[in-house]
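Structure assessment
Each chain, written out:
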Amino acid sequence: MKRVLSLSTLILASGALASWAATSYNVKVLDSLGSPIAQTQVVALNFGPNGPDPNNTKLAVTDANGVALFSLTDEVPYEIFVTSQGYLPSIRDQFNNPEHLHIFATPPTLSGSTLTLSNIGVASVGEIDVDVAGATANTILFGNVQPAGTTSGKNAAAYGMAATNGSGDGTFYFLNVH
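Residues numbered from 1 in each chain as written. Predicted model: local features only at pLDDT ≥ 70, side-chain atom pairs only at ≥ 80, totals over all residues. Heavy atoms only, no water.

1. Observations concerning the sheet that holds strand β8 (residues 77–83)
If you trace the 4 strands from one edge of the open sheet to the other, you get β6-β3-β8-β9, paired in antiparallel fashion. Both outer strands of the open sheet, β6 (58–61) and β9 (102–104), are each paired with one neighbouring strand and no more. Between one strand axis and the next, the sheet turns by 25° as a mean value, whatever way the strands run. As judged from the 5 bridges shared by strand β3 (residues 41–45) and β8, these two strands associate in the antiparallel manner. (Pairing = 2+ DSSP bridges. Helix = DSSP H or I, 4+ residues; strand = E, 2+ residues; numbered from the N terminus. Axes fitted to C-alpha atoms, helices over the stretch in contact; angles between N-to-C directions.)

2. Comments concerning the pattern of salt bridges
For the coordinates displayed, the defined rule picks out 1 salt bridge. Across the pair R92 and D93 runs a salt bridge, and its minimum N-O distance is 3.1 Å. (Salt bridge = Lys/Arg side-chain N within 4 Å of Asp/Glu carboxyl O.)

3. Let's talk about a negative patch on the surface
A surface patch of negative charge is lined by E127, D129, D131 and D169. In this fold, E127 is placed in strand β11 (residues 126–132). (Patch = residues over 30% accessible without salt bridge, like charges linked within 9 Å, V, L, I, M, F, W, Y side chains within 5 Å. Areas by Shrake-Rupley, 256 points an atom, 1.4 Å probe, with all protein chains shown as cover. Lys, Arg positive; Asp, Glu negative; His and termini not counted. Charge placed at Lys NZ, Arg CZ, Asp CG, Glu CD.)

4. Examining unusual backbone geometry
The omega torsion of the bond from L88 to P89 falls at 10°, within 30 degrees of zero and hence cis. Look at E75: it is not a glycine, yet its phi comes out positive at around 60°. Along the polypeptide, E75 turns up in the loop between β7 (67–73) and β8. Even without a glycine there, the phi angle at N176 is positive, about 60°. Within the element layout of this structure, N176 appears in strand β14 (residues 170–177).

So, in structure tokens, the structure goes:
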């Protein structure tokens, strides 16, 4: 069955660097057998009064040990999301689950978290990669892929993210598209 999808995007975080104090925080991502998952996208998302905070949202990718290291702004709340192709829960599922990981960057008590993704029973999920050119430089973008004819993010087939470089170029990765 061929599904027609539309792409909508929203710029959520710019690369402007704040001069606030920072707390180191690591996220370790494991599979259901306890093995590290490398190349997992991890986002530490901070919401301000008008939506995602462009100065505090951070994006990282796990290393070979399944660890992503962040420098988070002190005294700021974050929501943590992780995604890797072929593993669930997806970002969409995590975002719609009120019990996803919430942290508050309070030094020195904040150290790290371990999150588990599972590939057991995962089948028929795809990946859509979309190149972006000329967007705001050094920005984190979030977006969603929706079935044609729908306009609400609640109907999204997948959520994705991209980090732009100094020229405003990057690639959206929509993983685990149903």
